[in-house]
Amino acid sequence: MRIGKYIVLEGIDGSGKSTVGKKIAGRIYQCVLTCEPTETEIGKLLQQKLVGYYDFDNKIAEAERDFALFTADRIEHHQRIKEELKVGNCVLSSRSYYSSIAYQGVDGADIPRMIQTIDYLKSINLIRAPDVAIVIDLPPEEAIKRIEERTRQKFENVETLNKVCKIYDELESYFPKENIRHVDGTLNPTALENTIMDVIKSNVEIVEQS
Ligand SMILES: Nc1ncnc2c1ncn2[C@@H]1O[C@H](COP(=O)(O)OP(=O)(O)O)[C@@H](O)[C@H]1O
Ligand SMILES: [Mg+2]
C-alpha cells in the first residue's frame, strides 16, 4: 500500500497557513487537513487561553506549562496522524512542535530542553518528524495588518512576533536532521500555493489530485 506523507505548514499568525492549507490539501490525493492546537479538550483549552478567555491563576512557569499542554495535545494529534498515514492518507497540518520551539521559546521556555522532550517523545513513537515542514516567512508588520480584522491572540504584536520569526529563521539549526524549507509569505495566494506545491513535490512523493 502507498505510504502516506506527513507535511507541516509553519509560520506566524497571519502568514497564510489556513488559507493556503485548504488549497494544498485539495491538490494532494487523499490528504487530510489538521491543525494544532487541535479540537481535543486540551486543544480547546489552549485555544481559549490564546484568545484570553482562559488563564491560569498564577503565572509561574507559564511557558513550561504551555509547552506541556501543547505537547499533550500534540501526542493526541499524532495518534490520529499515525492512523491516517497507516491507511495511506497524507496529513497536512497547520503547525507542529516547531511552533512550541518558537512561541514557548519566546515566552521563556528553554529551547534545548524542549528539543530533548521532543526527541524523547519521538524515540518512543508518540510523535514523529514531518516528511517536510514548510515555514511561510512573512514580516510581522504585514501579518498584523492581515489579522487586524479578527480577534487578536496572545502573541499577536509586532515585538513578540519579531522574536518568534527569529526562532523560525534559525529552525534548521535546532533540527539539523529534519527537512525544513522556507517560502516567501508575501507572495499572492495563488503564487504561494504553487510555490508550496513545488516544494512539496520536490521533497516528498505525493500523488496530485486529478
Ligand atoms: N498570500 C496571501 N496574501 C495576502 N493575504 C493573505 C494571503 N494568505 C492569506 N491571506 C489573508 O491573511 C489573513 C490570515 O490568513 P490565514 O490563512 O488565516 O493565516 P494563518 O492561518 O497563518 O494565521 C486572512 O485574512 C487571509 O485572507
Ligand atoms: Mg490559521
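Look up: the structure comes first, before these words.
Quick caveat: nothing in here was measured; it's all calculated off a predicted structure.

Notes on the overall build of the chain
Next up, step 1: Regarding its fold elements, the chain presents nine helices and five strands.
Next up, step 2: For the chain, the N- to C-terminal ordering of α and β elements is β-α-β-α-α-β-α-α-β-α-α-α-β-α.
Next up, step 3: For 210 residues, the compact-globule estimate of 2.2 N^0.38 gives 17 Å, and the chain sits close to it at 16 Å.
Next up, step 4: Residue burial in the chain is summarised as follows: out of 210 residues, 35% are buried.
Next up, step 5: Of all intrachain contacts in the chain linking residues separated by at least 6 positions in sequence, the fraction that spans at least 24 positions is 81%.

Let's talk about the nonpolar core
Next up, step 1: In terms of nonpolar packing, the biggest core is built from 41 residues, with Cys-90, Leu-92, Ala-102, Ile-134, Val-164 and Ile-196 touching the most fellow members.
Next up, step 2: By residue number, the principal contributor to this core is helix α4 (residues 97-106), which donates six residues.
Next up, step 3: When neighbours within four sequence positions are excluded, Cys-90 is seen to be in contact with Gly-4, Lys-5, Ile-7, Ile-28, Gln-30, Cys-31 and Ile-206.

Topic: the sheet that holds strand β5 (residues 180-184)
Next up, step 1: Reading across from one edge, β2-β3-β1-β4-β5 is the order of the five strands in this open sheet, with parallel pairing throughout. Strands with a single pairing partner mark the edges of an open sheet, and in this sheet they are β2 (31-35) and β5. Here the average twist between neighbouring strands, direction ignored, is 20 degrees.
Next up, step 2: As judged from the four bridges shared by strand β1 (residues 6-10) and strand β3 (residues 90-94), these two strands associate in the parallel manner. Counted as the bridge partner of Leu-9 is Ser-94 from β3.

Notes on the site of ligand 1
Next up, step 1: Taken together, 14 residues are adjacent to ligand 1, and Gly-16, Lys-17, Ser-18, Thr-19 and Arg-146 come closest.
Next up, step 2: Elements that contribute at least two residues to the shell around ligand 1 include exactly α1 (17-27), α6 (140-147) and α9 (189-203).
Next up, step 3: No other element matches the three residues that α1 contributes to the shell around ligand 1.
Next up, step 4: Across the shell around ligand 1, the residue classes tally to four nonpolar, seven polar and three charged.

A closer look at unusual backbone geometry
Next up, step 1: A cis geometry characterises the amide bond from Glu-36 onward to Pro-37, with omega recorded as -5 degrees.
Next up, step 2: For Pro-37, the location among the structural elements is in the loop between β2 and α2 (41-50).
Next up, step 3: The phi angle at Gln-30 is positive, at roughly 50 degrees, despite the residue not being glycine.
Next up, step 4: Within the secondary structure, Gln-30 sits in the loop between α1 and β2.

Some thoughts on the environment of Ser-202
Next up, step 1: Locating Ser-202 in the fold gives a position in helix α9.
Next up, step 2: Ser-202 sits in the exposed class, given 9 other C-beta atoms within 10 Å.
Next up, step 3: A C-alpha to C-alpha distance of 30 Å links Ser-202 and Asp-73, two positions 129 residues apart in sequence.

Some remarks on helix α7 (residues 158-169)
Next up, step 1: Look at α7: 16 Å from first C-alpha to last across 12 residues, which is about the 16 Å you get at 1.5 Å a residue.
Next up, step 2: Every buried residue belonging to α7 is among Leu-161, Val-164, Cys-165 and Tyr-168, and all of these are buried. End-on view of α7: buried residues confined to an arc of 105 degrees, all on one side of the axis. Facing away from the buried side of α7, by more than 90 degrees, are the exposed residues Glu-159 and Lys-166.
Next up, step 3: Considering only its buried residues, α7 is in contact with β1, α4, β4 (132-137), α6 and α8 (171-174).

Concerning the pairing of β1
Next up, step 1: Among the five residues in β1, five count as buried, and that is most of the element.
Next up, step 2: Where burial is concerned, the two faces of β1 agree: the one with Tyr-6, Val-8 and Glu-10 and the one with Ile-7 and Leu-9 are both buried.
Next up, step 3: Pairing analysis gives four bridges linking β1 to β4, with the strands arranged parallel. Across the sheet, residue Val-8 finds its bridge partner in β4, namely Ala-133.

What counts as what
- Residues numbered from 1 in each chain as written.
- Chains lettered and ligands numbered in written order.
- Predicted model: local features only at pLDDT ≥ 70, side-chain atom pairs only at ≥ 80, totals over all residues.
- Helix = DSSP H or I, 4+ residues; strand = E, 2+ residues; numbered from the N terminus.
- Rg over C-alpha atoms; globule rule 2.2 N^0.38 Å.
- Buried ≥ 20, exposed ≤ 12 C-beta atoms within 10 Å, placed from the backbone.
- Contact = placed C-beta atoms within 7 Å.
- Core = buried A, V, L, I, M, F, W, Y, C linked by C-beta atoms within 7 Å.
- Pairing = 2+ DSSP bridges.
- Axes fitted to C-alpha atoms, helices over the stretch in contact; angles between N-to-C directions.
- Near = placed C-beta within 6 Å.
- Nonpolar A, V, L, I, M, F, W, Y, C, P; charged D, E, K, R; others polar.
- Expected span 1.5 Å × (residues − 1).
- Arc of directions from axis to C-beta.

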